[in-house]
Amino acid sequence: RQLKSAVAAASAKSYYDLLGVPKDADERQLKSAYRKLAKKYHPDKNQDNRDAAEAKFQEMAHAYEVLMDPEKRQIYDHYGEEGLKGAPPPGSGGNGFPRGASGQRFEFNGFPGGSFGG
């Protein structure tokens, strides 16, 4: 019962809160926190509530994966989970096309010559 409520509460927490680390945590801190929590919530160690433990374990593993990858971490820090899903962030006015360094959009406007293959 406690594990189920912990999993429900964790889904509303940030990845940093989920792992119990500060936002400026370095690689060593992330690894240490993840290992400690992975041992605690591993499904094999929670036979009485295996499903909830597995959900918590997977959520922690995802948070760890994101925060250990510098590119994913930067996206998460700037846009949150939505940014990791590849959708344009809310309020960005994005149309799904990436922007260049100067902010211009890259859009496909057809092939040179106006036709494909000839």
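A short tour of the structure in this document, coming up. (Residues numbered from 1 in each chain as written. Predicted model: local features only at pLDDT ≥ 70, side-chain atom pairs only at ≥ 80, totals over all residues. Heavy atoms only, no water.)

## Topic: the overall build of the protein
So, step 1. Helix and strand counts for the protein stand at six helices and zero strands.
So, step 2. Mapped from its N terminus to its C terminus, the protein presents α and β elements in the order α-α-α-α-α-α.
So, step 3. When the 118 residues of the protein are sorted by exposure, 28% land in the buried category.
So, step 4. Taking the intrachain contacts of the protein between residues at least 6 apart in sequence as the baseline, contacts between residues at least 24 apart amount to 46%.
So, step 5. With the model as given, the accessible surface of the protein reaches about 8,400 Å², and the carbon-plus-sulfur share is 50%. (Helix = DSSP H or I, 4+ residues; strand = E, 2+ residues; numbered from the N terminus. Buried < 20%, exposed > 50% of the residue type's maximum accessible area, 1.4 Å probe, protein only. Contact = heavy atoms within 4.5 Å. Areas by Shrake-Rupley, 256 points an atom, 1.4 Å probe, with all protein chains shown as cover.)

## A word on the packing of aromatic side chains
Ring pairs (aromatic) are described by centroid distance and by the angle formed between their planes.
So, step 1. Inspection of the entire model under this criterion finds three aromatic pairs.
So, step 2. A ring pair is formed by Y15 and Y76, whose centres lie 4.2 Å apart and whose planes are at 10°; its orientation type is stacked. With Y15 in helix α2 (residues 15-19) and Y76 in helix α5 (residues 70-79), the pair connects residues that are 61 residues apart, well separated along the chain. An identical accessibility class is assigned to Y15 and Y76; each is buried.
So, step 3. Aromatic pair Y16 and Y76: ring centres 6.2 Å apart, planes at 45°, arrangement tilted. (Phe/Tyr/Trp six-rings, centres within 6.5 Å; stacked < 30°, edge-to-face > 60°.)

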